[in-house]
Amino acid sequence: MKNVKSIIYLLAVVFSMTGCTDDDTAEEPSKVTAVRLGAVSDFTGPCSKKFDFEAEIDADGPMTVSYTWLRSDGATAPENSITFEEAGTKKVTTSWTLGANGESYEGYWQQLKVISPEEILSNKAEFNLHCEEEEEEEEEEAVTITTTTAVVGENSFTGPCSKKFDFEAEIDVDGPTTITYTWLRSDGATAPENTIIFEETGTKMVTTSWTLGENDESYEGYWQQLKIISPEEILSNKAEFDLHCEEDTVTITATTAIVGENNFTGPCSKKFDFETEIDADGPTTITYTWLRSDGATAPENSITFEEAGTKKVTTSWTLGGSRESYEGYWQQLKIISPEEIFSNKAEFNLYCESEENVELVSLSPDSPSTLFLGEKVEFTFNYITSEAAGVRIFGRPMTDGSPTPGYAAHGSPLHATGEGSSNGYFTIQENSQHVDQIRFQMWDADQSNLLYEFFVDVDYQYLAHRVVLDNLEPGTNSTLVEGERVDFDFHYKTNEPSGVRIFGRPFTNGSPTPGYKAHPSGIHPVGEGNGSGYFTVSIAETITPHVVDQIRFQMWDAESK
């Protein structure tokens, strides 16, 4: 049974179950009259061994029977069900594969347990399993293996680091074999295992490399070594090398400037472009980032100089809101490595004269809410604009800073210059999604310029499947006698084409309540609808009354039983 679509809703419910009275008798229209489990044969031979089991269930009328399988090792199979349309006999099967060489399993058994409409245990199908040792294969004639490792090129280096050392090892064999090997290093590192196949006597070569070194560091007596793991453990010689890292200093300077005007007054938002010239008097790789007066830091980037020279890097910053002023703002380049260097700050002033603004007035449904796929979130807003040709305004769902996948939303008419009100909507059509913001944007008439933007934090959870409890009888905090039913009603929505099955089960301390019996489920069709169910709890007189503290609701696909 596979759970392709499932949703669990937990409802805190407390029930105290006391002993039953003589007057309380649960009426069942039909009964399971017999449960028989067929015998299985013992086995002696090579293991592992698969045992198959078949049980027959007799019923005296139409019903749905829930059952599970029990085993002598304490394992319990998942709960299943089988439906009788009329009186008769039906078969259910399972299997058990077990056994290791030289082991014996005596008095093992499998048993069928009917859970509802009443608890019945079948006979135990017992078996014995005696696993025989497999004969060991004759040892193959040993193959002689030798190996030698060497540094490729110079084994001593002094100069700018880091430095890459290459190694090769020759493996000689006097016959066909498969060799598993790894590389060992003086710093304790071990490479992943590899294999090489010899079809006949011969020599083959394997290689590796090691890049290391920081300025002003020395590495003396370092080595790399080949280790043959199988068919026997063999170590090659150690290929030793020395590394002395000298600092190769390159002088670096950086100057940042604004491309174009550094003062602007007019409609916002406004984009400012920045350009930095980086000068280096030798080959180097530079890692850098951009800093801004608002505290933001750009992702790290790198640029490589193959020789002395000058290179340019650029960035931009778009900002500005209705009637806002930004004085003394700046952008600056920070070189992170090979040393920390700051360029000058390229300063600018921005004075926004635009009157563009959008204000959210209402949301329906309110946030937070849980919605089914296709349900709309509708909103109204007020706006003001000085754009002579009018504007277009859009509200879009966002998830983690990006448009929510699978959304559909309203278009926008052309809103006239001045003040006004309008409305819109969005919905999610594909897959369960969480909408955490609505982004509102105002664009000019041909949608070539973004005039205004703001975000509203929300909490809308869209689900492809949903079950909601409507009624519970009796209510919570009730005391019931043994066998007394708890009935409930629910409504659901699902987009599963072949329909779903829905089950409500009593729980105690996070596990199914002992001795419970509960309703089966027919197939609820795709779309939305209503359903009902029940459960009861039976206890022995010597057992402390059970407290049901939750009801677990599960929605399964139609193939589940």
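Now for a quick tour of the structure. (Residues numbered from 1 in each chain as written. Predicted model: local features only at pLDDT ≥ 70, side-chain atom pairs only at ≥ 80, totals over all residues. Heavy atoms only, no water.)

1. Overview of the overall build of the protein chain
And step 1. A tally of regular secondary structure across the protein chain gives zero helices and 45 strands.
And step 2. Here the C-alpha atoms of the protein chain give a radius of gyration of 38 Å, more than 25% beyond the 24 Å that 2.2 N^0.38 yields for 561 residues.
And step 3. Structurally, the protein chain occupies a C-alpha span of about 95 × 90 × 40 Å along its principal axes.
And step 4. Counting every position in the protein chain, which comprises 561 residues, the buried fraction comes to 39%.
And step 5. Excluding contacts between residues fewer than 6 apart, the proportion of contacts in the protein chain whose partners are at least 24 apart in sequence is 67%.
And step 6. Entry remark: accessible area of the protein chain is about 29,900 Å², with carbon and sulfur atoms responsible for 43%.
And step 7. Computed over 37 positive and 95 negative side-chain charges, the inter-centroid distance for the protein chain is 8 Å. (Helix = DSSP H or I, 4+ residues; strand = E, 2+ residues; numbered from the N terminus. Rg over C-alpha atoms; globule rule 2.2 N^0.38 Å. Buried < 20%, exposed > 50% of the residue type's maximum accessible area, 1.4 Å probe, protein only. Contact = heavy atoms within 4.5 Å. Areas by Shrake-Rupley, 256 points an atom, 1.4 Å probe, with all protein chains shown as cover. Lys, Arg positive; Asp, Glu negative; His and termini not counted. Charge placed at Lys NZ, Arg CZ, Asp CG, Glu CD.)

2. What to know about the packing of aromatic side chains
And step 1. Throughout the structure, instances matching the rule amount to 26 aromatic pairs.
And step 2. Among the aromatic side chains, those forming a connected cluster through ring pairs are Phe 51, Phe 53, Trp 96, Tyr 105, Tyr 108 and Phe 127.
And step 3. Above the ring of Phe 157, the side-chain terminus of Lys 163 is found at 4.8 Å from the ring centroid.
And step 4. The ring of Tyr 534 is capped by Arg 485, whose NZ or CZ atom sits 3.8 Å from the centre of that ring. (Phe/Tyr/Trp six-rings, centres within 6.5 Å; stacked < 30°, edge-to-face > 60°. Lys NZ or Arg CZ within 6 Å of the ring centre and 35° of its normal.)

3. Describing empty space enclosed by the protein
And step 1. This model, assessed by the stated rule, comprises one cavity of 30 Å³ or more.
And step 2. Put simply, the largest cavity is a space of about 30 Å³.
And step 3. Forming the boundary of the largest cavity are Ser 66, Glu 79, Ile 115, Ser 116, Arg 505, Tyr 516, Ala 518 and His 519.
And step 4. Of all elements in the fold, only strand 8 (104–116) and strand 43 (516–518) reach the threshold of two or more residues within the lining of the largest cavity. (1 Å grid on protein atoms, 1.4 Å probe; cavity = no way out; pocket = protein on both sides within 12 Å on 5 of 7 lines; lining within 4 Å. Points joined across faces, edges and corners; volume = space filled by probe spheres on them.)

4. Things to note about the state of the cysteines
And step 1. Taken as a whole and assessed by the stated rule, the structure comprises two disulfides.
And step 2. Cys 47 shares a disulfide with Cys 131; S-S distance 1.9 Å. Disulfide Cys 47 to Cys 131: torsion about the S-S bond roughly -85 degrees, handedness left-handed. Taken together, the residues span a long stretch of sequence, with Cys 47 in the loop between strand 3 (43–45) and strand 4 (49–59) and Cys 131 in strand 10 (residues 125–131) at a distance of 84 residues. Take Cys 47 and Cys 131: they sit in the same class, and that class is buried. (Disulfide = S-S within 2.5 Å.)

5. Notes on the pattern of salt bridges
And step 1. Following the criterion strictly, the structure yields 19 salt bridges and no others.
And step 2. Across the pair Asp 73 and Arg 71 runs a salt bridge, and its minimum N-O distance is 2.7 Å.
And step 3. By relative accessible area, Asp 73 is classed as partly exposed at 42%.
And step 4. Among the residues examined, Arg 71 registers a relative accessible area of 24% and is labelled partly exposed.
And step 5. Salt bridges linked by common partners bring Arg 36, Glu 56 and Asp 58 together as one network. (Salt bridge = Lys/Arg side-chain N within 4 Å of Asp/Glu carboxyl O.)

6. Examining the sheet that holds strand 20 (residues 252–259)
Two modes of strand pairing occur in sheets, parallel and antiparallel, and in both the strands are linked by backbone hydrogen bonds.
And step 1. The strand order across the open sheet formed by three strands is 20-22-25, and the pairing between neighbours is antiparallel. Whereas interior strands pair on both sides, the edge strands pair on one side only; in this sheet they are strand 20 and strand 25 (309–319). Recorded for the sheet is a direction-independent mean angle of 20 degrees between the axes of neighbouring strands.
And step 2. In the sheet, strand 22 (residues 270–280) pairs with strand 25 via eleven bridges, with the strands oriented antiparallel. Bridging across to strand 25, Thr 276 finds its partner in Val 313. (Pairing = 2+ DSSP bridges. Axes fitted to C-alpha atoms, helices over the stretch in contact; angles between N-to-C directions.)

7. Some words on unusual backbone geometry
And step 1. A cis amide bond, omega 20 degrees, links Ser 230 with the succeeding residue Pro 231.
And step 2. Locating Pro 231 in the fold gives a position in the loop between strand 17 (218–230) and strand 18 (234–235).
And step 3. A cis geometry characterises the amide bond from Ser 337 onward to Pro 338, with omega recorded as 15 degrees.
And step 4. Within the secondary structure, Pro 338 is located in the loop between strand 26 (325–337) and strand 27 (341–342).
And step 5. At Asn 477, a residue that is not glycine, the phi angle is positive and equals roughly 60 degrees.
And step 6. Within the element layout of this structure, Asn 477 appears in the loop between strand 38 (465–473) and strand 39 (478–481).

8. Examining a negative patch on the surface
And step 1. A surface patch of negative charge is lined by Glu 214, Asp 216, Glu 217, Glu 246, Glu 247 and Glu 339.
And step 2. Checked against the element boundaries, Glu 217 lands in the loop between strand 16 (202–212) and strand 17. (Patch = residues over 30% accessible without salt bridge, like charges linked within 9 Å, V, L, I, M, F, W, Y side chains within 5 Å.)

9. Brief notes about the environment of Glu 118
And step 1. Tracing the sequence through the fold places Glu 118 in the loop between strand 8 and strand 9 (120–121).
And step 2. Separated by 57 residues in sequence, Glu 118 and Gly 175 have C-alpha atoms that sit 70 Å apart.
And step 3. The contact partners of Glu 118, leaving out residues within four places of it in the chain, are Lys 31, Val 32 and Lys 517.

10. A short note on the environment of Phe 305
And step 1. With respect to the element layout, Phe 305 can be found in strand 24 (residues 301–305).
And step 2. By relative accessible area, which is 3% here, Phe 305 ends up buried.
And step 3. Between the C-alpha atom of Phe 305 and that of Gly 411, which follows or precedes it by 106 residues, the distance is 50 Å.

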